[in-house]
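So the chains spell out like this:
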Amino acid sequence: DEFEYDKKLNLLTATGNVVAHDKVNDYFIYSNKIIYNKKKEILLTKEKSKGVSLKDDVTIIADEFEYDIKLNSISASKKVHLKDNNRNYELNSDFINYSVNQGQISTNGNSKLIDLNKDTKILAEKFQFNIKKNIIIASNNVNLKNLKKNFEIYSDEVKYLKNNGEIYTKGNNSANIYSKYTIKT
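Below is a short write-up of the structure. Since we're looking at a predicted model, the values are computed, not measured.

Cut-off values and rules
Residues numbered from 1 in each chain as written. Predicted model: local features only at pLDDT ≥ 70, side-chain atom pairs only at ≥ 80, totals over all residues. Heavy atoms only, no water. Helix = DSSP H or I, 4+ residues; strand = E, 2+ residues; numbered from the N terminus. Buried < 20%, exposed > 50% of the residue type's maximum accessible area, 1.4 Å probe, protein only. Contact = heavy atoms within 4.5 Å. Areas by Shrake-Rupley, 256 points an atom, 1.4 Å probe, with all protein chains shown as cover. Lys, Arg positive; Asp, Glu negative; His and termini not counted. Charge placed at Lys NZ, Arg CZ, Asp CG, Glu CD. Pairing = 2+ DSSP bridges. Polar contact = N/O pair within 3.5 Å; in protein donor to acceptor, adjacent residues only side chain to side chain. Core = buried A, V, L, I, M, F, W, Y, C linked by side-chain atoms within 4.5 Å. 1 Å grid on protein atoms, 1.4 Å probe; cavity = no way out; pocket = protein on both sides within 12 Å on 5 of 7 lines; lining within 4 Å. Points joined across faces, edges and corners; volume = space filled by probe spheres on them. Salt bridge = Lys/Arg side-chain N within 4 Å of Asp/Glu carboxyl O.

Another point: the overall build of the protein. Within the protein, the secondary structure is distributed over zero helices and 13 strands. Ordered by position from N to C terminus, the α and β elements of the protein give β-β-β-β-β-β-β-β-β-β-β-β-β. The buried share of the protein, reckoned over its 185 residues, is 43%. A sequence separation of at least 24 residues applies to 30% of the contacts in the protein between residues at least 6 apart. Counting every atom, the protein has about 10,600 Å² of accessible surface; 48% of that belongs to carbon and sulfur. Looking at the protein, you have 30 positive and 24 negative side-chain charges, and the mean spots of the two groups are 4 Å apart.

With that settled, consider the pairing of strand E8 (residues 104–115). Two faces make up the sheet, and in a regular strand the side chains alternate between them. The pairing of strand E7 (residues 89–99) with E8 spans nine bridges and is antiparallel. Opposite Ser99, over in E8, you have Gln104 as the bridge partner. If you look at the hairpin formed by E8 and strand E9 (residues 120–130), you'll find four residues sitting between the two strands, and Asp119 has a positive phi there, around 50 degrees.

Attention now moves to the side chain of Asp84. Assignment of secondary structure puts Asp84 in strand E6 (residues 73–84). Using a relative accessible area of 0% as the deciding quantity, one classes Asp84 as buried. Among the polar contacts listed, one links the side chain of Asp84 to the backbone nitrogen of Asn86, at a separation of 3.0 Å. Within polar-contact distance, the side chain of Asp84 engages the side chain of Arg87 at 2.5 Å. When neighbours within four sequence positions are excluded, Asp84 is seen to be in contact with Asp56, Asp57, Val58 and Tyr89.

With respect to the helices and strands, Asn176 occurs in strand E12 (residues 166–177). You can call Asn176 partly exposed: its relative accessible area is 28%. Remark: the alpha-carbon pair of Asn176 and Lys145, spanning 31 residues in sequence, is separated by 9.4 Å.

With 38 residues, the main nonpolar core has Ile60, Leu82, Tyr98 and Ile105 as its most contacted residues. Top element by residues in this core is strand E5 (residues 58–68). It accounts for five residues.

Next up on the list: empty space enclosed by the protein. Throughout the structure, instances matching the rule amount to one cavity of 30 Å³ or more. Approximately 40 Å³ is the volume found for the largest cavity. Around the largest cavity, the lining residues are Asn25, Tyr27, Ser53, Lys55, Asp56, Asn72 and Val100.

It is worth spelling out the pattern of salt bridges at this point. Applying the stated criterion across every chain yields a total of six salt bridges. The residue Lys83 makes a salt bridge to Glu90 at a minimum N-O spacing of 3.4 Å. Here Lys83 falls in the partly exposed class, since its relative accessible area comes to 25%. In this structure, the salt-bridge partner of Asp115 is Lys162, at a minimum N-O distance of 3.6 Å. Residue Asp115 is found in strand E8, and its partner Lys162 is found in the loop between strand E11 (151–161) and E12; the two are separated by 47 residues along the sequence. Taken individually, Asp115 and Lys162 each receive the classification buried, so the pair is uniform in this respect.

Further remarks concern the pairing of E11. Relative to E11, strand E10 (residues 135–146) runs antiparallel, the two being bridged by 10 bridges. What sits directly across from Val142, in E11, is Ser155. Between the end of E10 and the start of E11, which pair antiparallel, lie four residues, with Asn150 showing a positive phi angle near 60 degrees. Here E11 runs beside E12; their pairing, made up of 10 bridges, is antiparallel. Considered in E12, the bridge of Lys159 is made with Tyr168. Counted between consecutive antiparallel strands, the loop separating E11 from E12 contains four residues, among which Gly165 sits at a positive phi close to 80 degrees.

Here it is, written out as structure tokens:
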């Protein structure tokens, strides 16, 4: 394990088995390499990164993080996996931005959400997830599949109200219901 401090740039670089703890937000970050920019209050990670919020019971695993301490916002990229044990869902994507204080998650690229409570899986290019309202808007080549109720929806955009399971679609749509019916709009 090594530490290097650049006084001129006000950067601390730690390599090895590194752990950073934000005591204000009760957030831990583990990585092989962490760069802390004291002036901007930003932590950057490289390689095998994991963030754990004890307060929210959320874990994020990715190759790279950018954690803005002031905004309590995490951007994660490259093979991102987010698991929320409180709300019982998992989210995978190429890129995730999680604004903790605003209760917002946005994704971009190969996004997949699994609602473990309702046996629902959503695939799309992008998600906007309002955590406080429990509303997910999926866009670009959306596929929503409910394994319990045996239906599947394809759409340009899907609005999923996670609390009550309501689904609204926009654009080109088709649905397979109980493997008996096909509906297109």
